[in-house]
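Understanding the architecture of this molecule
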Amino acid sequence: APDTIAPSAISNLALSDVTTSSVKISWTAPGDDGSTGTASSYDIRYSTANITTTNWGSATQVTGEPAPLIAGTAQSMTITGLTINTVYYFAIRTSDETPNISGLSNIVNATTQFSTKFSANSRVKVTTTANVRATPSISGTLFVAAIKSF
């Protein structure tokens, strides 16, 4: 009989290790037929707009996805080449050999970092020509902005 059962939709897609240009995504492998066996391939996509079944086709397709492992196995991948300080949404679909295609996974999002972190021995010098006595709020604002950007 032909295989008519699609892989289950991934429901625990998660993000970690967010940098200025990359995000690590992780999930649990679904099966070939629902949640049993081993599927054939993953289709991971990202977008700066929330991903839905309607706009799935216009989301950026990732290359180099790992091959699916047996159902229940933890899997992950780091997506690179992202833009600094940008909100990205991620989703995944799974296919079996037929191919039957799973439903859309849960959608997750993250904002890439604004700047790289300084190491403990970095020296940062902030100078201002503002008259601190006359305008203390300017000094305070500069201090807060400097702290936030590091």
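To be clear, the structure that these remarks concern was listed above.
Analysis parameters
Residues numbered from 1 in each chain as written. Predicted model: local features only at pLDDT ≥ 70, side-chain atom pairs only at ≥ 80, totals over all residues. Heavy atoms only, no water. Pairing = 2+ DSSP bridges. Helix = DSSP H or I, 4+ residues; strand = E, 2+ residues; numbered from the N terminus. Buried < 20%, exposed > 50% of the residue type's maximum accessible area, 1.4 Å probe, protein only.

Some points on the sheet that holds strand β6 (residues 87–95)
Reading across from one edge, β4-β3-β6-β7 is the order of the four strands in this open sheet, with antiparallel pairing throughout. Edge positions in the sheet fall to β4 (60–61) and β7 (108–111), since each of these pairs with one other strand and no more. Bridge count between β6 and β7: four bridges; the pairing is antiparallel. In the strand pairing of β7, F90 is matched with V108.

A look at the environment of T52
Residue position: T52 is located in the loop between β3 (41–47) and β4. Assessed through its relative accessible area of 32%, T52 is described here as partly exposed. In this structure the C-alpha to C-alpha distance between T52 and N106, which are 54 residues apart in sequence, comes to 9.9 Å.

The values reported here are purely geometric and, on their own, carry no functional implication.
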